[in-house]
Amino acid sequence: MITVIDYGMGNLRSVVKAVEKYTPRVRVSSDPESIKDSGGLIMPGDGAFGKAMEHLELMGWLGPLREYIDSGGCFMGICLGYQLLFSTSEEFGEHRGMDIIAGRVVRFRRPGLKVPHMGWNSVEIKFPSRFLDGVPDNSFFYFIHSFYPEVEDRDWIVGEAEYGARFPCIVGKGNLIATQFHPEKSHRVGLRIVENFVKAVCS
């Protein structure tokens, strides 16, 4: 069973529909106890970093999520669900993140740059990942975000994009994959990432 985490931040239906193309065994859950019988977790999200962390803590997700990821469970983070994996964020003040990956989430700062970064952008694959099997280098994905992480350990970086500066947009190790872009909204190449995640969970 793949569980899409509902912590009150964003529309989850598009993610569920993408997963349903490859397996019927997907559900949305706001109950952290659902982790216990999940083969994989997907954490999407739209909105503010600090509010998201507040929701995760109040709903009891933080401890179980950290334990699940630390134990090697299959996990996918998308957009805000990607940023929350980092140590801190400067969005609307200073906020602590899940601290799975050492790094700080910062705002695009280049003068004259349109923010948010919204639309299609190519991604350079820096490191191979089974979650990117069948995804050509420099494929285009759909982005909408104003902040990006500065990653301390570059071994986490799987893919990078360019928007005023180069920034990591795919991170991963082991059974964890996370993307700044929306794979569920990125047509064939994005859905290939979802398919590869489903295969990893169901194999």
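Quick caveat: nothing in here was measured; it's all calculated off a predicted structure.

Colleague: Mind showing me how you'd approach the overall build of the protein chain here?
Modeller: From N to C terminus, the protein chain includes five helices and 13 strands. Along the longest, intermediate and shortest principal axes, the C-alpha atoms of the protein chain span 45 × 40 × 30 Å. Classification of the 203 residues of the protein chain by burial places 55% in the buried group. Taking the contacts inside the protein chain whose residues are at least 6 apart along the sequence as the reference set, 69% of them involve residues at least 24 apart.

Colleague: Would you mind going over the environment of Lys 114 with me for this structure?
Modeller: Looking at where Lys 114 falls in the secondary structure, it is placed in the loop between β7 (101–107) and β8 (117–125). Owing to a relative accessible area of 63%, Lys 114 belongs among the exposed residues under this scheme. Considering only alpha carbons, one finds Lys 114 and Pro 64, 50 residues apart in sequence, at a separation of 38 Å.

Colleague: How should I be thinking about the sheet that holds β8 in this particular structure?
Modeller: The pairing of strands in a sheet happens through backbone hydrogen bonds and is either parallel or antiparallel. Read across the sheet, nine strands follow the order β2-β1-β3-β4-β13-β12-β11-β8-β9 without closing on themselves; strand pairing throughout is mixed. Each of the sheet's edge strands pairs with one partner strand only, and the pair in question is β2 (26–29) and β9 (139–145). Pairs of neighbouring strands in the sheet enclose a mean axial angle of 25 degrees, with direction left out of account. Note: strand β4 (residues 74–78) against strand β13 (residues 176–179), four bridges, orientation parallel. Across the sheet, residue Ile 78 finds its bridge partner in β13, namely Thr 179. In this fold helix α5 (residues 187–202) packs onto β1 (2–5), β3 (40–43), β4, β8, β9 and β13, with an angle of close to 155 degrees to the strand it touches most, β4.

Colleague: Looking at this model, I keep getting lost on the environment of Ser 139. Mind explaining?
Modeller: The residue Ser 139 is located in strand β9 in this model. For Ser 139, the residues in contact, after removing those within four places along its chain, are Asn 121, Ser 122, Val 123 and Val 189.

Colleague: Would you explain the packing of aromatic side chains in this entry?
Modeller: Aromatic ring pairs are reported here in terms of the distance separating the ring centres and the angle at which the planes meet. Per the stated rule, a full pass over the model turns up 10 aromatic pairs. Where Phe 108 meets Tyr 148, the ring centres are 4.9 Å apart and the plane angle is 35 degrees; that geometry is what we call tilted. Here Phe 108, found in the loop between β7 and β8, pairs with Tyr 148, found in strand β10 (residues 147–151); they are 40 residues apart in sequence, far enough to count as distant. Each ring, one from Phe 143 and one from Phe 181, has its centre 5.5 Å from the other, and the planes form 70 degrees; the classification is edge-to-face. Here Phe 143, found in strand β9, pairs with Phe 181, found in the loop between β13 and α5; they are 38 residues apart in sequence, far enough to count as distant. When sorted by exposure, Phe 143 lands in the same class as Phe 181, which is buried.

Colleague: Where do I start with α5 in this structure?
Modeller: Over its 16 residues, α5 extends 22 Å from the first C-alpha to the last, a length consistent with the 22 Å expected when each residue adds 1.5 Å. Buried within α5 are the following residues: Val 189, Gly 190, Leu 191, Ile 193, Val 194, Asn 196, Phe 197, Val 198, Ala 200 and Val 201. Residues of α5 that are buried make contact with β1, α1 (13–20), β3, β4, β9 and β13.

Colleague: Which parts of the structure should I look at to understand the sheet that holds strand β6 (residues 95–96)?
Modeller: Taken together, four strands build an open sheet; the order of strands is β6-β5-β7-β10 and the sheet is mixed. Each edge of the sheet is formed by a strand with only one pairing partner; in this case those strands are β6 and β10. Of the pairings in the sheet, the one linking strand β5 (residues 86–89) to β7 comprises three bridges and is parallel in character. Bridged to Thr 88 within β7 is Arg 104.

Conventions adopted
- Residues numbered from 1 in each chain as written.
- Predicted model: local features only at pLDDT ≥ 70, side-chain atom pairs only at ≥ 80, totals over all residues.
- Heavy atoms only, no water.
- Helix = DSSP H or I, 4+ residues; strand = E, 2+ residues; numbered from the N terminus.
- Buried < 20%, exposed > 50% of the residue type's maximum accessible area, 1.4 Å probe, protein only.
- Contact = heavy atoms within 4.5 Å.
- Pairing = 2+ DSSP bridges.
- Axes fitted to C-alpha atoms, helices over the stretch in contact; angles between N-to-C directions.
- Phe/Tyr/Trp six-rings, centres within 6.5 Å; stacked < 30°, edge-to-face > 60°.
- Expected span 1.5 Å × (residues − 1).

Function cannot be read off these values alone, since they describe shape.
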